[in-house]
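Examination of the molecular architecture
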Amino acid sequence: MQGRTELSHKTAAQTKNAPRPRVGVALGGGGVRGFAHIGVLKALVRAGIPVDLIAGTSVGGIVGAPFAAGHSVEEIEIELLRLVQLRSMVRLIDLRPNRRGLIQRESVHQYFAEQLGADLRFSHLPIPLALIAADIQNGKEIVLTQGSVIDAICATMAVPGVIAPMDIDGRKLVDGGILNNVPADVARSMGADMVIAVDVAAARLITDPETGLSAEEVIKSSVLPRFALDMWRAQAIMMQEIVRLKLESARPDILLKPPVPPEIGMFNGMGRAVELIAIGERTTEAALPAIQAALEGKGE
């Protein structure tokens, strides 16, 4: 009985002094729609929700990497809003014949090197970071957690046909969104006790509640030909199903789906970046009670 009493007291003391749960944030891909990630991080920081590690795919990596490097959300917001200005984007366009992508990979690499430091390595980051890519030669998901952060950013954002694959350790890496667009499972494997996942691509196939238009009607109203619409929908359906299965397996504690208007796609809608940031912010603020409850529950 005495032994049990001592054990009980010891357990109570350990519980009282137990470290808080580690919070991992998984930021998904989605092109321009990913500006909502900035709003998500702004709301989390303002509410005092810790971010102990980050897993990012594509634009999720573009937003997550500087945050992991110690840049404030406000600094990230200012810089990305500057980047999407026409003059900044034009200098990245590659007009050479026989190019492998619309955007010059070298220019992208130089841009991030200037912003974050050419020699920045994962081991230098104050917040652990994983960036998701896909090996286009063998179809394998690649989780980048070592080596050059700049190379990894260029890999995770290398949308086929837009940016040429990034060569890392003999592998040709492209945007990880084709295999794992919302890497909640990666955040969990990094040691997160609680995972907040953000899916900015979720609304692309549903009806816009404000306009009443379906995503298909929105895309039809654009300049895309019908065959392009069919290709887009087929790809979107496949990606959405992969994301659903991945999230079903990873079971993030909190899943945020900012209601980004469906007419905003991978590359269109840059002029609405401020609106997208606000959408991410409002979505996260609405979820704060659930986030706080989950955090407290994990700490018990």
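Residues numbered from 1 in each chain as written. Predicted model: local features only at pLDDT ≥ 70, side-chain atom pairs only at ≥ 80, totals over all residues. Heavy atoms only, no water.

This next bit is on the packing of aromatic side chains. If you walk through the whole model with that rule in mind, you get 1 aromatic pair. Both rings, one in Tyr111 and one in Phe112, keep their centres 5.0 Å apart while their planes meet at 75°; by these two values the pair is edge-to-face. A relative accessible area of 3% places Tyr111 in the buried class. Phe112 sits in the buried class, given a relative accessible area of 6%. (Phe/Tyr/Trp six-rings, centres within 6.5 Å; stacked < 30°, edge-to-face > 60°. Buried < 20%, exposed > 50% of the residue type's maximum accessible area, 1.4 Å probe, protein only.)

With that out of the way, let us pick up the side chain of Asp135. Relative to the helices and strands, Asp135 resides in strand S3 (residues 129-135). For Asp135, which is buried and forms no salt bridge, the nearest opposite charge comes from Arg171, at a distance of 4.9 Å. At 2.9 Å, the side chain of Asp135 and the backbone nitrogen of Gln137 are in polar contact. With near-sequence residues (within four places) excluded, Asp135 lies in contact with Lys140, Ile142, Arg171, Lys172 and Leu173. (Helix = DSSP H or I, 4+ residues; strand = E, 2+ residues; numbered from the N terminus. Lys, Arg positive; Asp, Glu negative; His and termini not counted. Salt bridge = Lys/Arg side-chain N within 4 Å of Asp/Glu carboxyl O. Polar contact = N/O pair within 3.5 Å; in protein donor to acceptor, adjacent residues only side chain to side chain. Contact = heavy atoms within 4.5 Å.)

Turning our attention to the environment of Arg171. Looking at where Arg171 falls in the secondary structure, it is placed in strand S6 (residues 171-175). For Arg171, a relative accessible area of 26% gives the class partly exposed. Once the C-alpha coordinates of Arg171 and Ala134 are considered, the two residues, 37 residues apart in sequence, prove to be 9.3 Å apart.

For helix H6 (residues 105-116), built from 12 residues, the straight-helix expectation of 16 Å at 1.5 Å per residue is met to within 8% by its first-to-last C-alpha distance of 16 Å. Turning to H6, its buried residues number three or more, namely Ser107, Val108, Tyr111, Phe112, Ala113 and Leu116. Residues of H6 that are buried make contact with helix H3 (59-68), helix H4 (73-83) and helix H7 (149-156). (Expected span 1.5 Å × (residues − 1).)

This paragraph deals with the environment of Lys246. Along the chain, Lys246 falls in helix H10 (residues 226-250). Looking at Lys246, the relative accessible area reads 23%, which means it is partly exposed. When the C-alpha positions of Lys246 and Asn181 are compared, they lie 8.9 Å apart, and in sequence the two are 65 residues distant. Apart from residues no more than four positions distant in its own chain, Lys246 is found in contact with Glu141, Leu179, Asn180 and Asp185.

Let us look at the pattern of salt bridges. For the coordinates displayed, the defined rule picks out 13 salt bridges. Among the ionic pairs, Lys246 bridges to Glu141, the shortest N-O distance being 3.0 Å. Of this pair, Lys246 sits in helix H10 while Glu141 is found in strand S4 (residues 140-144), placing the two residues 105 residues apart along the sequence. Glu141 gets classed as partly exposed once you look at its relative accessible area, which sits at 27%. Salt-bridge contacts for Lys172 lead to Asp167; the nearest nitrogen and oxygen are separated by 2.9 Å. Counted as one network, the salt bridges with shared partners bring together Lys42, Arg46, Glu77, Glu281 and Glu285.

Two elements in contact, helix H2 (residues 35-46) and H4, have axes separated by 10 Å at closest approach and are oriented at 160°. With respect to H4, the axis of H2 lies roughly antiparallel. When the axes of H2 and H4 are compared, the crossing they make is left-handed. Contacts between H2 and H4 involve Phe35, Ile38, Leu41, Lys42 and Val45 on the former and, on the latter, Val73, Glu77, Leu80 and Leu81. In terms of residue class, the contact of H2 with H4 is made up of 7 nonpolar, no polar and 2 charged. (Axes fitted to C-alpha atoms, helices over the stretch in contact; angles between N-to-C directions. Parallel < 35°, antiparallel > 145°, perpendicular 65-115°, else oblique. Left-handed = near helix turned anticlockwise from the far one by under 90°. Nonpolar A, V, L, I, M, F, W, Y, C, P; charged D, E, K, R; others polar.)

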